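# Notes for the structure review
Spelled out, the chains give:
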Amino acid sequence: MLKVTESENYIEYGTSAFTAVLVSLFLAGFAIFSCLYCIQPLMPILADFFKVSVTQSSFPLSISTIALAFGLLITGFISDYFGRKPVMVIALFSVAILLLISAFLPFWSLFLVVRVFIGIAVSGVAAVAMTYIGEEIAQKDIGLAMGLYISGTAIGGMGGRFIAGVLVDFVSWQAATAVIGLINLIIAFIFYKKLPASRHFQSYPIRFSRFIRSFKENLKDSKLKLLFLQGFILMGCFVSVFNYMSFHLLDQPFNLSQVWIGCLSLVYLAGIYSAPRAAEWGRKWGRHSVLPWMLVLMMFGVFLMYSQMLYIAFAGLLIFTFAFFAGHSTASSWVSVQALQYKAVASSLYLFSYYLGSSLLGSVSGLVWEYSQWNGLLAFMLVLLFFGVYIAWRLKQLTKASSVV
């Protein structure tokens, strides 16, 4: 028998429904982010295959994430009308099929077009999953549910990079991409069967006036605006480091093989651990205290990555990844609690900022790389993270002033 809150019927930790939600969303997170990020360790190979520059090789990821960012602005409203689960199911099947198609395209322009559609399809899960959690999970368990969902996205990012990065040393990049597409097609079927239907969803007509009003209401909140900016910086820095680390480690003095580049994605295990733990730390010390420390820890990881000793650089990457996922988990769960109304739009705005950071900073970092290589890129990351620390400090001041954690 399901254990739910007596008055409001929200799903609580320790129930079979809670487990079903977590397994489904964990797999969904894996699916969308493995499709999105499997391209990252392949960037040097794509640059050679399609005869494009280092900066241009980041475009398949950058345009996917910018399409994802803009898709997030509308998928929340689409799900407000059609429902959370139907939108996520269609999105998961679309992502898998589009990835399979992309594996057989020989032209750069067509490849980029399909990556745009992959980004749009991913948005159908990325924003709606957070909204589903906010609507269906008991408030005391939202942080845990969000952290475990983000762990799924971390494993997806890791799995996509790892599978593609390792397989490409033995098979073509097309075959490696197709394998990931087939895995995600299976996940789409499992998600359709396993995810519980919404209990608290109420359908709203798609009206432009409501669309504008919901954005205005969320942007009136000073803390939400700072959290949106925080997401931009967090993801922009994270993607920038992983985009160009492959080029750095393939070169002197490391000269690593593509297999080892793929194995580096195992640092995501640190994020899989830290994302759900961040909810625990938030309850104990407050989100306003956890977030600035995670940004400082990311800066420490960047400093270590200056080293030309592989084990020290790897330790820096590990710390950087650990802190990033804890910071993202803290900020995203804070948005779900902070938004008193139009939660779907608040989640969409946070993720819009988050993926816009990935796209814009990920590409701008390519220019930094071309002019000043790895050390210049890391210096750019430190400047951005310092600004992130300032934003986290402002959030802490606002929280103390309002006495709301």
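Residues numbered from 1 in each chain as written. Predicted model: local features only at pLDDT ≥ 70, side-chain atom pairs only at ≥ 80, totals over all residues. Heavy atoms only, no water.

Before going further, it helps to examine unusual backbone geometry. Keep in mind that most residues, glycine aside, have a negative phi and that most peptide bonds are trans. With a phi close to 60°, Lys51 is a non-glycine residue in the positive phi region. Tracing the sequence through the fold places Lys51 in the loop between helix 2 (43–49) and helix 3 (54–57). Relative accessible area serves as the criterion here: at 67%, Lys51 is assigned to the exposed category. Backbone geometry places Gln373, a non-glycine residue, at a positive phi of 60°. Within the secondary structure, Gln373 is located in helix 15 (residues 343–402). (Helix = DSSP H or I, 4+ residues; strand = E, 2+ residues; numbered from the N terminus. Buried < 20%, exposed > 50% of the residue type's maximum accessible area, 1.4 Å probe, protein only.)

This part is about the side chain of Arg287. Turning to its location among the elements, Arg287 is positioned in helix 13 (residues 287–304). Of the polar contacts made by the side chain of Arg287, one reaches the side chain of Ser333; its length is 3.4 Å. (Polar contact = N/O pair within 3.5 Å; in protein donor to acceptor, adjacent residues only side chain to side chain.)

Another point: the environment of Glu12. Assignment of secondary structure puts Glu12 in the segment before helix 1 (16–37). The exposure class assigned to Glu12 is buried, which follows from its relative accessible area of 10%. Separated by 128 residues in sequence, Glu12 and Lys140 have C-alpha atoms that sit 8.3 Å apart.

Here the focus is the packing of aromatic side chains. Overall, the coordinates contain 24 aromatic pairs when judged by the stated rule. Between Phe238 and Phe324 the ring centres are 4.0 Å apart and the planes differ by 5°, which places this aromatic pair in the stacked class. Taken as a pair, Phe238 in helix 10 (residues 222–250) and Phe324 in helix 14 (residues 310–338) lie far apart in primary sequence, 86 residues in all. Here the two residues Phe238 and Phe324 agree in accessibility, since each one is buried. (Phe/Tyr/Trp six-rings, centres within 6.5 Å; stacked < 30°, edge-to-face > 60°.)

Next up on the list: empty space enclosed by the protein. Summed over all chains, the structure comprises 4 cavities of 30 Å³ or more. Looking at the largest cavity, its volume works out to about 170 Å³. Taken together, the elements giving at least two residues each to the lining of the largest cavity come down to helix 1, helix 6 (108–136), helix 7 (142–167), helix 10, helix 14 and helix 15. If you tally residues by element for the lining of the largest cavity, the top one is helix 7, at 5 residues. In terms of residue class, the lining of the largest cavity is made up of 15 nonpolar, 4 polar and no charged. Lining the second largest cavity are Gln40, Pro41, Arg161, Phe242, Met245, Ser246, Leu249, Ile261, Gly262, Leu264, Ser265 and Leu317. At the level of secondary structure, the elements contributing two or more residues to the lining of the second largest cavity comprise helix 10 and helix 11 (258–263). Among the elements that take part in the lining of the second largest cavity, helix 10 stands out by supplying 4 residues, more than any other. For the lining of the second largest cavity, the residue count by class is 7 nonpolar, 4 polar and 1 charged. (1 Å grid on protein atoms, 1.4 Å probe; cavity = no way out; pocket = protein on both sides within 12 Å on 5 of 7 lines; lining within 4 Å. Points joined across faces, edges and corners; volume = space filled by probe spheres on them. Nonpolar A, V, L, I, M, F, W, Y, C, P; charged D, E, K, R; others polar.)

Viewed as axis vectors pointing N to C, helix 1 and helix 6 meet at an angle of 155°, and their least axial separation amounts to 10 Å. One element, helix 1, and the other, helix 6, form an angle in the roughly antiparallel class. Handedness of the crossing formed by helix 1 with helix 6: left-handed. Packed against helix 1, whose contacting residues are Val21, Leu25, Ala28, Ile32, Cys35 and Leu36, the element helix 6 presents Arg115, Val122, Val125, Ala126, Ala129, Tyr132 and Ile133 at the interface. Split into classes, the residues belonging to the contact of helix 1 with helix 6 amount to 12 nonpolar, no polar and 1 charged. (Axes fitted to C-alpha atoms, helices over the stretch in contact; angles between N-to-C directions. Parallel < 35°, antiparallel > 145°, perpendicular 65-115°, else oblique. Left-handed = near helix turned anticlockwise from the far one by under 90°. Contact = heavy atoms within 4.5 Å.)

Before going further, it helps to spend a moment on the confidence of the model for the chain. Confidence in the prediction for the chain averages 84 pLDDT; 94% of positions are at 70 or higher. Below pLDDT 50 for its whole length, residues 1–7 participates in 11 contacts with residues either more than four positions away or in separate chains. (pLDDT = per-residue confidence, 0-100.)

Bringing helix 10 into the picture now. Each full turn of the α-helix corresponds to 3.6 residues, which orients residues three or four apart in the same direction. For helix 10, which comprises 29 residues, the first-to-last C-alpha distance of 44 Å matches the rise-based estimate of 42 Å (1.5 Å per residue) to within 8%. At Tyr244, helix 10 shows its strongest bend, of approximately 35°. When you tally the buried positions in helix 10, you get 25 out of 29 residues, the bulk of the element. (Expected span 1.5 Å × (residues − 1). Bend = angle between axes of the 7 residues up to and from the residue.)

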